[in-house]
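Summary of the model geometry
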Amino acid sequence: MEIKKVCVIGGGLMGRQIGLCAAIHGYDVTVYDKVPEVEEKVVAWENEYLAGRIAKGKMTQEQVDETKKRFAVNQDLKASASDADLIIEAIVEIYDAKASLFKELSAVIKPTAIVATNSSYMVSSLFKDCFTDPSRLLNCHFYNPALVMKFVEVVQGPHTDPACAEAVIDFCKKIGKAPIWMKKEISGFAANRLVGVLNAEARYLVQNGYLTPQEVDMACELGLGHPMGPFRLMDLTGVDLTYDLMRPAVEAGKPKPDCYDLIESMVKEGKLGRKSGHGFYDYE
């Protein structure tokens, strides 16, 4: 299963980074996003990032020129995905949105295409009924920032052909990543399940007035040697992403997690973290 052409669905923070990383390493990549203004934003970001690589001596002008030839943005799903060998979905962490996209996608991809969801929690078996051939569906979860972080989780569901998982593992290695192959799926996969325990305790300490978010981060960063604490990390990945992950359970009648009201109010105020300039920290 040779992968040559890649389609990344979603031109947001993660999608654009995954796509450009693949293009830098020699793959033909199209980033699909139906929102018209996203194309302009992605191209501007691409130019800025690649110019920075030249300035830092990480890439030559020739390498940048070749990368740009391999990297495109498109608003047409069929044109973007119909000839792709690997499609990586990187849209919002909402089940209905992903399921709707997959049903639309299943009608335009070629029979040999592998479809990978970059979901950070949802196992691919949740979406197997969206495809006539779910054997080519799996999880491929990159970590933010995807251009920097080497760790990737490739998760094989009970419906997944192991050869497809092996092909995605090989792809990840070729774009400079260090993947793990989970041959049994579980919600949250490996790293997020581990960090989830820490995050729950961090929110408990804040919810019950023991520490501020910033003090929790200090304990993790200066006491445990973590590169960033849970609240600083939440700012990086997006406070709204955390809210989207928490909300379905609360709406289903389950008890609110610690700090749910705080996170909900921040989202409503537009304090989404780094991307909005304000979160648990200020970035302007």
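Before reading further, recall that the structure is shown in the block above.
Notes on the structure follow. (Residues numbered from 1 in each chain as written. Predicted model: local features only at pLDDT ≥ 70, side-chain atom pairs only at ≥ 80, totals over all residues. Heavy atoms only, no water.)

**Remarks on the packing of helix H10 (residues 239–251) against helix H11 (residues 260–268)**
Between H10 and H11, the least distance of the axes is 10 Å, while the angle of their chain directions is 125°. The angle between the axes of H10 and H11 places the two elements in the oblique class. As for the relative orientation of H10 and H11, their crossing is left-handed in sense. Between H10 and H11, the residues in contact are Val239, Asp240, Thr242, Tyr243, Met246, Arg247 and Val250 and Tyr260, Ile263, Glu264, Met266 and Val267, respectively. Partitioned by chemical class, the residues of the contact of H10 with H11 number 8 nonpolar, 1 polar and 3 charged. (Axes fitted to C-alpha atoms, helices over the stretch in contact; angles between N-to-C directions. Helix = DSSP H or I, 4+ residues; strand = E, 2+ residues; numbered from the N terminus. Parallel < 35°, antiparallel > 145°, perpendicular 65-115°, else oblique. Left-handed = near helix turned anticlockwise from the far one by under 90°. Contact = heavy atoms within 4.5 Å. Nonpolar A, V, L, I, M, F, W, Y, C, P; charged D, E, K, R; others polar.)

**With respect to the pattern of salt bridges**
Where charged atoms of side chains with opposite charge meet at close range, the side chains can pair. For the coordinates displayed, the defined rule picks out 14 salt bridges. Lys69 is paired through a salt bridge with Glu66; the nearest N and O atoms lie 3.3 Å apart. Of the two residues, Lys69 and Glu66 are both situated in helix H3 (residues 61–70); the distance of 3 residues between them amounts to about one turn of the helix. Here Lys69 falls in the exposed class, since its relative accessible area comes to 65%. For Glu66, a relative accessible area of 34% translates into the label partly exposed. (Salt bridge = Lys/Arg side-chain N within 4 Å of Asp/Glu carboxyl O. Buried < 20%, exposed > 50% of the residue type's maximum accessible area, 1.4 Å probe, protein only.)

**Side note on the nonpolar core**
If you look at the biggest cluster of nonpolar residues, it comprises 39 residues, and the most contacted ones within it are Val29, Cys140, Phe142 and Phe171. For this core, the element with the highest residue contribution is helix H6 (residues 162–174), accounting for 7 residues. Once you skip the residues sitting within four places of it in the chain, Phe171 turns out to touch Ile3, Val6, Ala22, Tyr27, Leu86, Ile88 and Phe142. Counting residues in each nonpolar core, the second largest holds 19 residues, with Ile9, Tyr32, Leu77 and Phe127 among its members. (Core = buried A, V, L, I, M, F, W, Y, C linked by side-chain atoms within 4.5 Å.)

**Observations concerning the state of the cysteines**
Considering all chains together, one arrives at 0 disulfides under this definition. Unpaired in this structure, Cys140 has its nearest cysteine sulfur neighbour in Cys172, at a distance of 3.8 Å. Using a relative accessible area of 1% as the deciding quantity, one classes Cys140 as buried. For the unlinked cysteine Cys220, the closest cysteine sulfur is that of Cys259, found at 13 Å. Residue class for Cys220 comes out buried when judged on its relative accessible area of 5%. (Disulfide = S-S within 2.5 Å.)

**Considering unusual backbone geometry**
A cis amide bond links Asn144 with the next residue in sequence, Pro145, at an omega value of 0°. Relative to the helices and strands, Pro145 resides in the loop between strand S6 (137–142) and strand S7 (151–155). Here Phe189, not a glycine, exhibits a phi torsion of approximately 60°, which is positive. Note that Phe189 resides in the loop between strand S8 (178–182) and helix H7 (191–207).

**Details of the sheet that holds S6**
Strand order in this open sheet of 8 strands is S3-S2-S1-S4-S5-S6-S7-S8, and the pairing throughout is mixed. With one partner strand each, in any of the chains shown, strand S3 (71–74) and S8 form the two edges of the open sheet. If you compare each strand with its neighbour and ignore which way they point, the axes differ by 25° on average. As defined by bridge partners, strand S5 (residues 114–117) adjoins S6 across 3 bridges and the pair is classed as parallel. In the strand pairing of S6, Thr117 is matched with Asn139. (Pairing = 2+ DSSP bridges.)

**Topic: the packing of aromatic side chains**
Applying the stated rule across the entire model yields 9 aromatic pairs. For the ring pair Tyr27 and Phe171, a centre distance of 5.0 Å and an interplane angle of 70° mean the geometry is edge-to-face. Here the residue Tyr27 occupies a position in the loop between helix H1 (13–24) and strand S2 (28–32), and Phe171 occupies one in helix H6, the gap between them amounting to 144 residues. For Tyr27, a relative accessible area of 8% gives the class buried. Judged by centre distance (4.9 Å) and plane angle (65°), the ring pair of Phe231 and Phe280 falls under edge-to-face. Separated by 49 residues along the polypeptide, Phe231 in helix H9 (residues 230–237) and Phe280 in the segment after H11 bring together distant segments of the chain. The exposure class of Phe280 is buried, given its relative accessible area of 11%. In this structure an aromatic cluster arises from ring pairing among Tyr95, Phe102, Phe127 and Phe131. (Phe/Tyr/Trp six-rings, centres within 6.5 Å; stacked < 30°, edge-to-face > 60°.)

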